[in-house]
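# Coordinates in review
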Amino acid sequence: MAKTATTRQKAILRKYSRNVKFLMTLVSVCAIVLTLPKQAKFSYDIEKGKIWNEKELISPYNFAILKSPQEIESDERAVLASITPIYQLDDELSNREREGFKNDFAVKWHSAGLSDRQRTEYLDEGDQLLKDVYDRGVVNLNTKYQQGAENYQVTILDKNVATEKNTADLLTKEQALAYCDHALSQQKDLDKAFLLDLISNRLQPNLTFDSKLTSRLEKEAVDNLSTTRGMVQKGDVIVAKGSVVNDDTYQRLESYKKAFEDNVRTTGDPRLVLLGQFLLVSIMITLLMVFLYLFRRDIYEDNRLVSLILLVVTAMLFALSMAIKLELPNLYYIPYCIVPIIIRILFDTRLALNIHLLVVLIAGFFVPNSFEFAYFELTAGMVSIYSIKNLIRREQFLISALIITATYFAAFLGISFIREGSLRTIDWMDFLPFVVSVLLTLLAYPLIYLFEKVFAITSDITLIELTNTNAPLLREMAFSAPGTFQHSLQVANLAENAIYTIGGNALLVRAGALYHDIGKLENPLYFIENQSGFNPHDRLQYQESAQIIIGHVRKGVELARKANIPEIVIDFIRTHHGDTRVDYFYQSFLKNFPEKFVDENTFRYPSPIPFSKEGGVLMLADSVEAASRALKEPDEKSIADLVDRIVKYKLDQNQLSDSNITLKEIETIKTIFKRMLMSIYHVRIDY
């Protein structure tokens, strides 16, 4: 009952597959459009140093010319330099410290051992010095405002009355003490050390820097700065055709762009902007679906894979939209190359390149200098795809990252030379976003693992792990069925070389070859390559022997699924014998029991025939390698005849009719098999 329900569910899914695909496509388009910035696109790309090849640009309205960041920074420095720091005068401090001096004097006078006749003279002299110092002003200098010179202008507030002074007219604590020392040195009849000690304890700054008020004045001054310089009147020429976009022209164009965007934001119809974005994104997604339908029908028919592709595309454009809305300092921080890498590893090169092209084209509508952006990202994306064309080692990710960085750097230099015309004026910090982008691209590795698990996809990375001969099933085969293990290794070498030459997934066919006979682990001695003299088939009927041989396919599928081997590899186990007969036992039965009726299906593999180029090559390699072991004296002729005979037999039995292998490719496969078998059996070739 459960099986019937499952079958019914699958039938329903197949029936409504097209509707589901359309719904996923529509959801993806809507999700992308809803997250994209809702503003009209400025019609021109502005690049400093380039020739203006567009038509003469006439201003359609009045607009102010914005100052460049360098001009604004220069104005800010100038206005900040004009703001004098504010110091608050504490006029009560002088009285407190003078009163404190008198108290200290009274305490220490009796122990000083000085003449009482001079007591008043000492007291008056110390008090007068403190008064003179505090009347002049004691201050702590602020290094922020010295700017290479010791003194600077200050504003002193005394009960909200401002007075402009220079710190040269004021005293620091050290200068005040030196002033007192000098004054006391003129009084020969007074003990300078006694008074100087008392005075030094009563010297404190009575002018305090008011950072809050100063900062507020500086902020107000900066805020009141104008961000524009001059106006462009309606009808004025913004830039003439054929002229160079110099600094001034560049600023006029940037100002016009800002005015255009502000004008559209207030007067444009947001519904039309939304409709335009919907049309553009719809075209992109439709082209993607058409590509899948025409060139990758296997992916198009699998909604699970289609949903993964749409998810990756939508996520990347969503990340771009968020970066724009959050006003990321530089949009090149986003790892655009992560999309082609993920698609290349999970699918193929053509699809990765197609998707990356479409994503960059859409992104170009919403980033500044879209042509420059497209050049950077298209070249880097192509390099990322080409650098991992044949992924056979994990370190290729790091190598790919280095190559992408080098590509970005070369493009960065080229564009900088065109724009600046000088090596000295290049701001090397502008390259930092590209480095960060490449580092973030390495996140593709964990994302690929996540997508594999969630969407049940087998990537080249998983195949690399499977082809490791220390994998559990292969290690068990090496110990329990060493003959089968050696046979599998030879088949893997034959099939891999053949598929690499005619075109196909060499890593996939190698994995399939290594695991295609794991079903023999159940009864290894019933297979001739594992026997050493004793043959258990001698005690069995021909039908029983045939069923044991045929059963290794079913058992192989069970063992593979139990070990979580991907279905794409299990397909090689199911199809490597197709629906051929176990001819040895079939012919033996006919020879020994000619009078008996024989059910041919008893001697025939029930599995499907290979339905991929890789599966067809594996079938041929398996049959050729197994048959070559029976050659008593292998030489060039016997090997060539053997390969020709087996391939012809498979063709006559229609075993390759679903494999998409051409006759030309079959001839290539035969040539490779002959050459490799002669090398294996050390056959000398006549010259």
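Residues numbered from 1 in each chain as written. Predicted model: local features only at pLDDT ≥ 70, side-chain atom pairs only at ≥ 80, totals over all residues. Heavy atoms only, no water.

Here the focus is the overall build of the chain. In terms of helices and strands, the chain carries 29 helices and 8 strands. Taking 2.2 N^0.38 as the reference for a compact globule, 687 residues should give roughly 26 Å; the C-alpha atoms of the chain span a radius of gyration of 43 Å, well beyond that estimate. The C-alpha extent of the chain, read off along each of the three principal axes, is 155 × 80 × 70 Å. Each of the 687 residues in the chain was classed as buried or not, and the buried ones make up 45%. Taking the intrachain contacts of the chain between residues at least 6 apart in sequence as the baseline, contacts between residues at least 24 apart amount to 76%. Looking at the chain as shown, the accessible area adds up to about 37100 Å², and 56% of this sits on carbon and sulfur atoms. Taken as two groups, the 77 positive and 83 negative side-chain charges of the chain have centres that lie 9 Å from each other. (Helix = DSSP H or I, 4+ residues; strand = E, 2+ residues; numbered from the N terminus. Rg over C-alpha atoms; globule rule 2.2 N^0.38 Å. Buried < 20%, exposed > 50% of the residue type's maximum accessible area, 1.4 Å probe, protein only. Contact = heavy atoms within 4.5 Å. Areas by Shrake-Rupley, 256 points an atom, 1.4 Å probe, with all protein chains shown as cover. Lys, Arg positive; Asp, Glu negative; His and termini not counted. Charge placed at Lys NZ, Arg CZ, Asp CG, Glu CD.)

Our focus in this paragraph is the nonpolar core. Among the nonpolar cores identified, the biggest contains 73 residues, and Phe347 and Leu351 are the most heavily contacted of them. Per-element accounting of this core gives the leading share, 11 residues, to helix α13 (residues 303–325). What Leu351 contacts, discounting residues up to four positions off in sequence, is Leu288, Phe291, Leu292, Ile299, Ile309 and Ile343. Judged by nonpolar contacts, the second largest core, of 54 residues, contains Leu489, Tyr515, Ile573 and Met676. (Core = buried A, V, L, I, M, F, W, Y, C linked by side-chain atoms within 4.5 Å.)

Moving on, we get to a nonpolar patch on the surface. Together, Phe22, Leu26, Leu272, Leu275, Phe278 and Leu279 make up an exposed nonpolar region whose accessible area comes to about 580 Å². When residues of the nonpolar patch are traced back to their parent elements, those giving at least two are α2 (17–35) and α11 (270–295). Secondary-structure assignment places Phe22 in helix α2. (Patch = residues over 30% accessible without salt bridge, like charges linked within 9 Å, V, L, I, M, F, W, Y side chains within 5 Å. Salt bridge = Lys/Arg side-chain N within 4 Å of Asp/Glu carboxyl O.)

Let us now look at the pattern of salt bridges. In the structure shown here, the tally under the stated rule is 32 salt bridges. Across the pair Lys67 and Asp75 runs a salt bridge, and its minimum N-O distance is 2.5 Å. The exposure class of Lys67 is buried, given its relative accessible area of 16%. Among the ionic pairs, Arg561 bridges to Glu567, the shortest N-O distance being 3.0 Å.

Turning to helix α27 (residues 613–628), a few remarks are in order. In an α-helix, one turn spans 3.6 residues; hence positions three or four apart end up facing the same way. Taking 1.5 Å of rise per residue, 16 residues should cover 22 Å, and α27 covers 23 Å from first to last C-alpha, within 8% of that figure. Extensive coverage of α27 is indicated by the burial of 14 of its 16 residues. (Expected span 1.5 Å × (residues − 1).)

What follows covers the pairing of strand β3 (residues 86–89). One ladder, built from 3 bridges, connects β3 with strand β4 (residues 153–158); its direction is parallel. Counted as the bridge partner of Tyr87 is Ile156 from β4. Of the strand pairs in this sheet, β3 and strand β6 (residues 207–209) are connected by 3 bridges, and their pairing is antiparallel. Residue pairing across strands places Leu89 opposite Leu207, the latter belonging to β6. (Pairing = 2+ DSSP bridges.)

With that out of the way, let us pick up the sheet that holds β4. Taken together, 4 strands build an open sheet; the order of strands is β5-β4-β3-β6 and the sheet is mixed. On the outer flanks of this sheet lie β5 (161–166) and β6, each paired with one strand and no other. On average, each strand axis in the sheet is tilted by 35° relative to the strand beside it, whichever way the strands run. Against the sheet, helix α9 (residues 211–223) engages β3, β4 and β6, with an angle of about 145° to β3. (Axes fitted to C-alpha atoms, helices over the stretch in contact; angles between N-to-C directions.)

Here helix α15 (residues 349–363) contains 15 residues, and its C-alpha end-to-end distance of 21 Å stays within 8% of the 21 Å for a straight helix at 1.5 Å per residue. Three or more residues of α15 are buried, namely Leu351, Ala352, Asn354, Ile355, His356, Leu358, Val359, Val360, Ile362 and Ala363. One side-chain oxygen of the residue at the start of α15 lies 3.3 Å from the amide nitrogen of Arg350, identifying that residue as Asp348. (Polar contact = N/O pair within 3.5 Å; in protein donor to acceptor, adjacent residues only side chain to side chain.)

This part takes up the packing of α27 against helix α28 (residues 636–652). Viewed as axis vectors pointing N to C, α27 and α28 meet at an angle of 135°, and their least axial separation amounts to 10 Å. The orientation of α27 with respect to α28, classified from their angle, is oblique. Crossing of α27 against α28: the hand is right-handed. From α27, Met619, Leu620, Ser623, Val624, Ala627 and Ser628 reach across to α28, where they touch Leu642, Val643, Ile646, Val647 and Lys650. Among the residues making up the contact of α27 with α28, the classes are represented as 8 nonpolar, 2 polar and 1 charged. (Parallel < 35°, antiparallel > 145°, perpendicular 65-115°, else oblique. Left-handed = near helix turned anticlockwise from the far one by under 90°. Nonpolar A, V, L, I, M, F, W, Y, C, P; charged D, E, K, R; others polar.)

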